[in-house]
Amino acid sequence: MPMNMIPYSNITKGTLLIASPDIDAGLYFRSVILLCEHNMTGSFGLILNKPLDVELPEEIINTQSLSNPNVSMRAGGASHPNQMMLLHSNDALKEQTLKICDDVFLGGDLDFLQKSIEDPNGSPIRLCFGYSAWGPSLLEKEFLSGQWFLHPGSSEYVFKTPPEKLWQTILRQMGGKYATLSMIPEDLSLN
């Protein structure tokens, strides 16, 4: 079934929300959000393509021992920007993590994080500050009003696609009218 024909009831954990061009400013402009939970009480997700460059307090994480080249930070959303959430591909902590989609997990404690950043061969980790949240049925309303496109999530998008190319890459892969939208310049005044 083509993506534009998927009913809103198919919004599920592991779905990517791709901002439509109708969202033309702010944090959600051209954002790609990995939906981490979606049920009758509401939804929450993490933005994947808004890199952050912040100093982490040494008393929380010893960044001096950062050896894992696959660690990066993201602005996860507008809600609680001081709260840190971990996205990673390590399935060893089943009791501490929630599987979002294949090879993508949410959660883990500071001990897990410290060990992961010290491992030069460590799995990819995204430190997401803040999250995106919707109350009951609000996400469905935004989707039905055309603010979001849906696409299945994957570890390829979460960990391997460069954040600055993620929005365009997914739209291009969706094909048709979405591929055309991927070519719209960020700043329309340059046209």
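Definitions and cut-offs
Residues numbered from 1 in each chain as written. Predicted model: local features only at pLDDT ≥ 70, side-chain atom pairs only at ≥ 80, totals over all residues. Heavy atoms only, no water. Helix = DSSP H or I, 4+ residues; strand = E, 2+ residues; numbered from the N terminus. Rg over C-alpha atoms; globule rule 2.2 N^0.38 Å. Buried < 20%, exposed > 50% of the residue type's maximum accessible area, 1.4 Å probe, protein only. Contact = heavy atoms within 4.5 Å. Areas by Shrake-Rupley, 256 points an atom, 1.4 Å probe, with all protein chains shown as cover. Core = buried A, V, L, I, M, F, W, Y, C linked by side-chain atoms within 4.5 Å. Phe/Tyr/Trp six-rings, centres within 6.5 Å; stacked < 30°, edge-to-face > 60°. Pairing = 2+ DSSP bridges. Polar contact = N/O pair within 3.5 Å; in protein donor to acceptor, adjacent residues only side chain to side chain.

Colleague: I would appreciate a short explanation of the overall build of the chain in the present structure.
Modeller: If you tally the helices and strands in the chain, you get five helices and ten strands. Here the chain has a C-alpha radius of gyration of 17 Å; the compact-globule value for 191 residues is 16 Å, and the two agree. C-alpha atoms of the chain, sized along the principal axes, occupy 45 × 40 × 30 Å. By the burial criterion, 47% of the 191 residues in the chain qualify as buried. Taking all contacts inside the chain whose residues are at least 6 apart in sequence as the whole, residues at least 24 apart take part in 68%. For the chain, the exposed surface amounts to about 10,000 Å²; the carbon and sulfur share of it is 54%.

Colleague: Just checking my understanding: could you explain unusual backbone geometry for this structure?
Modeller: With a phi close to 55°, Arg30 is a non-glycine residue in the positive phi region. Relative to the helices and strands, Arg30 resides in the loop between β1 (15-19) and β2 (32-39). The class of Arg30 is buried, set by a relative accessible area of 10%. One non-glycine residue, Asp103, lies in the positive phi region at around 60°. Within the secondary structure, Asp103 sits in the loop between β7 (97-101) and β8 (104-107).

Colleague: Hey, could you run me through the nonpolar core in this one?
Modeller: Taken as a class, soluble globular proteins show a tendency for nonpolar side chains to be buried jointly. The biggest cluster of nonpolar side chains holds 38 residues, and the ones touching the most others in it are Ile18 and Leu87. Excluding anything up to four places from it in sequence, Leu87 contacts Leu34, Leu46, Leu48, Val104, Phe105, Leu106, Pro124, Ile125, Arg126, Cys128, Val158 and Phe159. Judged by nonpolar contacts, the second largest core, of twelve residues, contains Val71, Leu86, Leu127 and Phe129.

Colleague: Help me out: how do you make sense of the packing of aromatic side chains in this one?
Modeller: Both the distance between ring centres and the angle between the ring planes are used here to describe each pair of aromatic rings. A complete count under the given rule lists four aromatic pairs for this structure. With a centroid separation of 4.9 Å and 75° between ring planes, the pair formed by Phe149 and Tyr178 is classed as edge-to-face. In this pair, Phe149 is assigned in strand β10 (residues 148-152) and Tyr178 in helix α5 (residues 176-181), connecting sequence segments 29 residues apart. Accessibility assignment for this pair places Phe149 and Tyr178 in one class, buried. Counting every residue linked through ring pairs, the aromatic cluster contains Tyr28, Trp134 and Trp148.

Colleague: Teacher, can you tell me more about the pairing of β7 here?
Modeller: The side chains of a regular strand alternate, first on one face of the sheet and then on the other. Relative to β8, β7 is paired through four bridges, and the arrangement is antiparallel. If you follow Thr97 over to β8, its bridge partner there is Gly107. Connecting β7 to the next strand, β8, in antiparallel fashion are two residues, including Asp103 with a positive phi near 60°.

Colleague: Got a minute to help me understand the side chain of Ser31 in this structure?
Modeller: Along the chain, Ser31 turns up in the loop between β1 and β2. By relative accessible area, which is 0% here, Ser31 ends up buried. Side-chain polar atoms of Ser31 contact the backbone oxygen of Tyr28, separated by 2.9 Å. Aside from chain neighbours lying at most four places away, what touches Ser31 is Leu17, Ile18, Ala19, Ile47, Asn49, Lys50, Trp148 and Trp167.

Colleague: I tried to follow the side chain of Thr161 on my own but got confused; where do I start?
Modeller: With respect to the secondary-structure elements, Thr161 resides in the loop between α3 (155-160) and α4 (163-174). Residues contacting Thr161, with those up to four places away along its chain left out, are Glu156, Leu166 and Thr169.

Colleague: Looking at this model, I keep getting lost on the pairing of strand β9 (residues 125-134). Mind explaining?
Modeller: Across the ten residues of β9, nine count as buried, placing the element largely inside the fold. Two elements, strand β5 (residues 71-75) and β9, share five bridges in a ladder whose sense is parallel. Residue Ala75 lies in a different strand from β9, and its bridge partner there is Phe129. Summarising the sheet, strand β6 (residues 79-88) and β9 pair through six bridges and their orientation is antiparallel. Its bridge partner lying in β9, Leu86 is registered against Leu127.

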